[in-house]
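Results of the structural survey
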Amino acid sequence: MSCGLQRMRPILLVLLTLDVFSSLSVAQVLNVTCSTGLYPPDPKSKVTETYVIDLDLPPSQRWNELAKAKSSQMQSLVDSFITFLEDFGTIGQDIVNLIDKEGVDLLNGLPVTFAEEIRGISLASGMNIGQVVLYNLFYEFSDFCTSIISEDLSGELFHARNLDFGLFFGWDIKNKTWEMTERLRPLIVILEWRRTGQTVFKSVSYAGYTGILTAVKPKLFTLTINERGDKHGSGYIGILKWLLGDRNETWLGFLTRNVLENASGFTQAKTMLENTVMLAPAYFILGGNKSGEGVVITRDRVDNLDTWTMRNASNWYILETNYDHWNTPPFIDDRRTPAHVCMQRMGQINVGFSGLFNVLSTRPVLNKGTTYTALMRVSTGQLETYIQNCQDPCPPW
């Protein structure tokens, strides 16, 4: 990576990237070429590395195998994130110092189960507790995504998503990649969460993250989470409040995990996601197991602003990126329009893993920040995940 760019202030990096690439993104929105014939992709891209998280074990022991196996990659990611924070100047450095100094005390503000899990990850990986806390906070505010729930002609539901992560965290001019995105891909794993020897749910995760971003609870529901900014700020505000001692809000990943562990079905999951006070605003994309059971829940940190149903969206599918569905997305980041164009061209007759993978592999829905595409089928509990690497010409987001 260019040393000059690596140390450039993040805001300058953002402005430079906007100037260079906005024309490419706009052109790809106006001239959509929907991908076809890409499923199944190269078997080498399929995520097969799987770990069991045994919920019957003491929390401090649940992550031992994973944390030991992935410790070096986890440390590398944290080191990069710390460098990014320090590039923000005094504020970023203050956050790093606070986490280093108060790492153990920060656990007191977490639910006991999660605090013990983080403590266990720290011991197994060799990372200090503050770094593991930071590692988990990182995922609260930086994921750009596209999520789709669709229904085939028989009424069966499929849920698919791209997770775009690491945008604006260091741009490599030579290789045209995001530094953080490249460090995240080797951390992608499948987790099988078990209780009394039975699978409770399955998720796609970045190794060492104790929350849930993408998951299926077989025969019951599917869930993804997309970042949302609002006029009161994104997750940065909630995180700063939490670090400074206001511990009355729930981390997004902890909320979604609580839902996956404990909700008995679509309706209970929906109620929990609509009503819990959170650390950051978000979109929850929730699919059930019956025809029409698909919603996008638009949340700020305190209130549920809107619950949008699949029937009110387009009858047979519902789609969310990172902007309120009642507003037009910004022209420099309009993944929504190409995704809708390709869903309409695909048609309900072609709903399934193949059709959805093609939609999510269409630029700019697929972009330099895309780490993986996940495909879920609630009726069978099937979860397939593929690492994505967008080849040039490819937009940065």
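For clarity, every value in this text was computed on a predicted model and none was experimentally measured.

A look at the overall build of the chain
- In terms of regular secondary structure, the chain is built from 13 helices and 15 strands.
- For the chain, the share of sequence-separated contacts (at least 6 apart) that also reach a separation of at least 24 residues comes to 69%.

Section: the UniProt feature "active site" (unreviewed entry) in the chain
- Taking the UniProt record as the reference, the feature "active site" (unreviewed entry) is found at Cys145.
- By the secondary structure assignment, cysteine 145 is in strand 2 (residues 143-151).
- Residue cysteine 145 is classed as buried on the basis of its relative accessible area of 0%.
- Each residue touching cysteine 145, except ones within four places of it in the same chain, is listed here: Arg161, Asn162, Leu163, Asp164, Ile225, Asn226, Glu320, Thr321, Asn322 and Arg335.

Things to note about helix 3 (residues 64-86)
- In the structure, helix 3 departs most strongly from a straight axis at serine 71, where the bend amounts to approximately 65°.
- Along helix 3, the residues that are buried comprise Leu66, Ala67, Lys70, Ser71, Met74, Leu77, Val78, Ser80, Phe81, Ile82, Phe84 and Leu85.

A closer look at the packing of helix 12 (residues 336-346) against helix 13 (residues 353-360)
- Remark: helix 12 packs on helix 13, axes separated minimally by 9 Å, with the N-to-C direction vectors making an angle of 150°. In terms of orientation, helix 12 and helix 13 fall into the roughly antiparallel class. In the crossing of helix 12 with helix 13, the sense of the turn from one axis to the other is right-handed. Residues Ala339, Cys342, Met343 and Met346 of helix 12 pack against Gly355, Leu356 and Val359 of helix 13.
- Residues of the contact of helix 12 with helix 13, tallied by class, amount to 6 nonpolar, 1 polar and no charged.

Quick notes on the side chain of aspartate 152
- You can see aspartate 152 is positioned in the loop between strand 2 and strand 3 (157-165).
- An unpaired buried charge is present at aspartate 152: no salt bridge exists, and arginine 377, the closest side chain of opposite charge, is 5.9 Å distant.
- A polar contact of 2.9 Å, which involves the side chain of aspartate 152, links it to the backbone nitrogen of glutamate 156.

Here we look at the pairing of strand 12 (residues 304-309)
- When strand 11 (residues 294-299) meets strand 12, the two strands line up antiparallel, connected through 5 bridges. By the bridge assignment, valine 296 is partnered in strand 12 with tryptophan 308.
- The antiparallel hairpin formed by strand 11 and strand 12 contains 4 residues in its connecting segment.

Some remarks on the packing of helix 5 (residues 112-125) against helix 6 (residues 129-137)
- Look at helix 5 against helix 6: their axes get within 9 Å of each other, and the N-to-C directions meet at 120°. Taken together, the axis directions place helix 5 and helix 6 in an arrangement best described as oblique. The two elements helix 5 and helix 6 meet at a crossing, and its hand is right-handed. Residues Ile118, Arg119, Ile121 and Ser122 of helix 5 form the contact with helix 6, whose participating residues are Ile129, Val132, Val133 and Asn136.
- Considered class by class, the residues forming the contact of helix 5 with helix 6 number 5 nonpolar, 2 polar and 1 charged.

Notes on the state of the cysteines
- According to the stated counting rule, one finds 2 disulfides in the structure shown.
- A disulfide bridge connects cysteine 34 with cysteine 342, and the sulfur atoms are separated by 2.1 Å. Between cysteine 34 and cysteine 342 the sulfur-sulfur dihedral comes to about -95°; the bridge is accordingly left-handed. Remark: cysteine 342 occurs in helix 12 and cysteine 34 occurs in the loop between helix 2 (10-30) and strand 1 (50-54); sequence separation between them is 308 residues. Take cysteine 34 and cysteine 342: they sit in the same class, and that class is buried.
- Residue pairing for cysteine 390: its cysteine sulfur links by disulfide to cysteine 394, the two sulfurs lying 2.0 Å apart. Here cysteine 390 and cysteine 394 share a disulfide; its torsion about the S-S bond, 115°, makes the bridge right-handed. You'll find cysteine 390 and cysteine 394 in the same group, each marked buried.

Here's the deal with the sheet that holds strand 12
- The 8 strands are arranged 1-6-7-8-9-10-11-12 in an open sheet whose pairing can be described as mixed. Lying at the two open borders of the sheet, with one neighbouring strand each, are strand 1 and strand 12. Strand after strand, the sheet turns through a mean of 20° between neighbouring axes, direction not considered.
- In the packing of helix 9 (residues 252-262) onto the sheet, contacts are made with strand 6 (188-195), strand 7 (198-206), strand 8 (214-217), strand 9 (221-227) and strand 10 (282-287), and the angle to strand 9 comes to roughly 175°.

Let's talk about the pattern of salt bridges
- A full pass over the atoms with the stated rule returns 16 salt bridges.
- Two residues, arginine 185 and glutamate 182, come together in a salt bridge whose shortest N-O distance is 2.5 Å.
- Between glutamate 261 and arginine 257 there is a salt bridge, with the nearest N and O atoms lying 2.7 Å from each other. With glutamate 261 and arginine 257 both in helix 9, this residue pair falls 4 residues apart, about one helical turn. The burial state of glutamate 261 is the same as that of arginine 257; both residues are buried.

Rules used throughout
- Residues numbered from 1 in each chain as written.
- Predicted model: local features only at pLDDT ≥ 70, side-chain atom pairs only at ≥ 80, totals over all residues.
- Heavy atoms only, no water.
- Helix = DSSP H or I, 4+ residues; strand = E, 2+ residues; numbered from the N terminus.
- Contact = heavy atoms within 4.5 Å.
- UniProt positions renumbered as here; feature names shortened; annotations may be inferred.
- Buried < 20%, exposed > 50% of the residue type's maximum accessible area, 1.4 Å probe, protein only.
- Bend = angle between axes of the 7 residues up to and from the residue.
- Axes fitted to C-alpha atoms, helices over the stretch in contact; angles between N-to-C directions.
- Parallel < 35°, antiparallel > 145°, perpendicular 65-115°, else oblique.
- Left-handed = near helix turned anticlockwise from the far one by under 90°.
- Nonpolar A, V, L, I, M, F, W, Y, C, P; charged D, E, K, R; others polar.
- Lys, Arg positive; Asp, Glu negative; His and termini not counted.
- Salt bridge = Lys/Arg side-chain N within 4 Å of Asp/Glu carboxyl O.
- Polar contact = N/O pair within 3.5 Å; in protein donor to acceptor, adjacent residues only side chain to side chain.
- Pairing = 2+ DSSP bridges.
- Disulfide = S-S within 2.5 Å.

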